[in-house]
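The primary structure of each chain is shown beneath.
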Amino acid sequence: MFRLIRALLDGLLLRCPRCHRGHMFERGFTMHRTCPVCGLEFERAVGEVTGGMAINTVVTLTVITVCSFVFGLTTNVPLLPLLLSLGAFAVLFPIAFYRSSRGMWAGFLYITGDNAEPDHLRQ
Ligand SMILES: [Zn+2]
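None of these values were measured; they are calculated from a predicted model. (Residues numbered from 1 in each chain as written. Predicted model: local features only at pLDDT ≥ 70, side-chain atom pairs only at ≥ 80, totals over all residues. Heavy atoms only, no water.)

A. Seen up close, the overall build of the protein. Helix and strand content of the protein: 3 helices and 0 strands. Rg of the C-alpha trace for the protein: 17 Å, well past the compact-globule value of 14 Å for 123 residues, more than 25% over. Summarising its shape, the C-alpha atoms of the protein cover approximately 55 × 30 × 25 Å along the three principal directions. Every one of the 123 residues in the protein was classed for burial, and the buried ones make up 30%. Intrachain contacts of the protein at a sequence separation of at least 6 include 57% that bridge at least 24 residues. Computed over 11 positive and 8 negative side-chain charges, the separation of the two mean positions in the protein equals 8 Å. (Helix = DSSP H or I, 4+ residues; strand = E, 2+ residues; numbered from the N terminus. Rg over C-alpha atoms; globule rule 2.2 N^0.38 Å. Buried < 20%, exposed > 50% of the residue type's maximum accessible area, 1.4 Å probe, protein only. Contact = heavy atoms within 4.5 Å. Lys, Arg positive; Asp, Glu negative; His and termini not counted. Charge placed at Lys NZ, Arg CZ, Asp CG, Glu CD.)

Now the structure itself:
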């Protein structure tokens, strides 16, 4: 369990889950294919990006759902500003969280060993 939390935390902080030193991203939204320090392959296939997108979607919708219930049911916040705020959050947060969600997915792949298995579809 500690290894999983450590790998996800490394991914959140955009560090390699194996050596904890290599940076996952060059700059912007471009992810290194392998760790520049230890050579761990972060995402083996192009489709692996969907794992990070799933994490991003789940976190975004969880925050929106919790905030909707908390602010919508327990406070006197007017509905329109609340909806506009949550709408802005739904657009901006996934962009800001994009790199960390892909990093967390890379950490999950490392823990499950999916980035170390031979890929029969790869050429
Ligand atoms: Zn590394």
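Now that the structure is up, let's keep going.
B. Spatial organisation of the coordination of the zinc ion. Protein ligation of the zinc ion involves Cys16 (SG), Cys19 (SG), Cys35 (SG) and Cys38 (SG), the donor distances falling in the range 2.2 to 2.3 Å. The coordination sphere of the zinc ion comprises 4 donor atoms, whose angles at the metal cover 106 to 118°; the geometry is tetrahedral. The sequence motif formed by the donor residues of the zinc ion is C-x2-C-x15-C-x2-C. Given a relative accessible area of 3%, Cys35 falls into the buried group. (Donors = N, O, S within 2.8 Å, 3.2 Å for Na, K, Ca; no water. Tetrahedral: all angles 85-135°; square planar, octahedral: opposite > 155°, others 65-115°.)

C. Examining helix α3 (residues 79-112) more closely. Taking 1.5 Å of rise per residue, 34 residues should cover 50 Å, yet α3 covers just 43 Å from first to last C-alpha, more than 12% shy of that figure. Where α3 is concerned, the buried positions are Leu82, Leu86, Phe97, Ser100, Ser101, Arg102, Gly103, Met104, Trp105, Ala106, Gly107 and Leu109. Buried residues along α3 sit in contact with α1 (2-12) and α2 (49-74). (Expected span 1.5 Å × (residues − 1).)

D. Inspection of the pattern of salt bridges at higher detail. All told, the structure shown has 4 salt bridges when counted by the stated rule. Close ionic contact of Arg6 with Asp10 constitutes a salt bridge, the shortest N to O distance being 3.7 Å. Highlighted residues: Arg6 and Asp10, both in helix α1, separated by 4 residues, approximately one helical turn. Its salt-bridge partner being Glu41, residue Arg33 comes within 3.7 Å of it at the nearest N-O pair. Arg33 sits in the partly exposed class, given a relative accessible area of 48%. (Salt bridge = Lys/Arg side-chain N within 4 Å of Asp/Glu carboxyl O.)

E. Seen up close, the UniProt feature "transmembrane region" (unreviewed entry) in the protein. In the numbering used here, UniProt assigns the "transmembrane region" (unreviewed entry) feature to residues 53-73 and 79-98. A distance of 30 Å separates the end C-alpha atoms of residues 53-73, which is 100% helix and 0% strand. Annotated as 100% helix and 0% strand, the span residues 79-98 places its first and last C-alpha atoms 28 Å apart. (UniProt positions renumbered as here; feature names shortened; annotations may be inferred.)

F. Representation of the nonpolar core in the model. With 10 residues, the main nonpolar core is built from Leu14, Cys16, Cys19, Met24, Phe25, Met31, Cys35, Leu40, Phe42 and Ala106. Residues contacting Met24, with those up to four places away along its chain left out, are Gly11, Leu14, Arg15, Cys16, Pro17, Met31, His32, Phe42, Gly103 and Ala106. Core analysis: the second largest hydrophobic core is formed by 5 residues, Ile55, Phe97, Met104 and Trp105 among them. (Core = buried A, V, L, I, M, F, W, Y, C linked by side-chain atoms within 4.5 Å.)

G. Looking closely at the packing of aromatic side chains. Within the structure shown, the criterion is met by 4 aromatic pairs. An angle of 25° between the planes, with centres 5.3 Å apart, marks the rings of Trp105 and Phe108 as stacked. One end of the pair is Trp105 and the other is Phe108, both in helix α3 and 3 residues apart, which spans about a single turn. By way of ring pairs, the aromatic residues Phe89, Phe93 and Phe97 are connected into one cluster. Sitting over the ring of Phe25, Arg99 keeps its end group 5.2 Å from the ring centre. (Phe/Tyr/Trp six-rings, centres within 6.5 Å; stacked < 30°, edge-to-face > 60°. Lys NZ or Arg CZ within 6 Å of the ring centre and 35° of its normal.)

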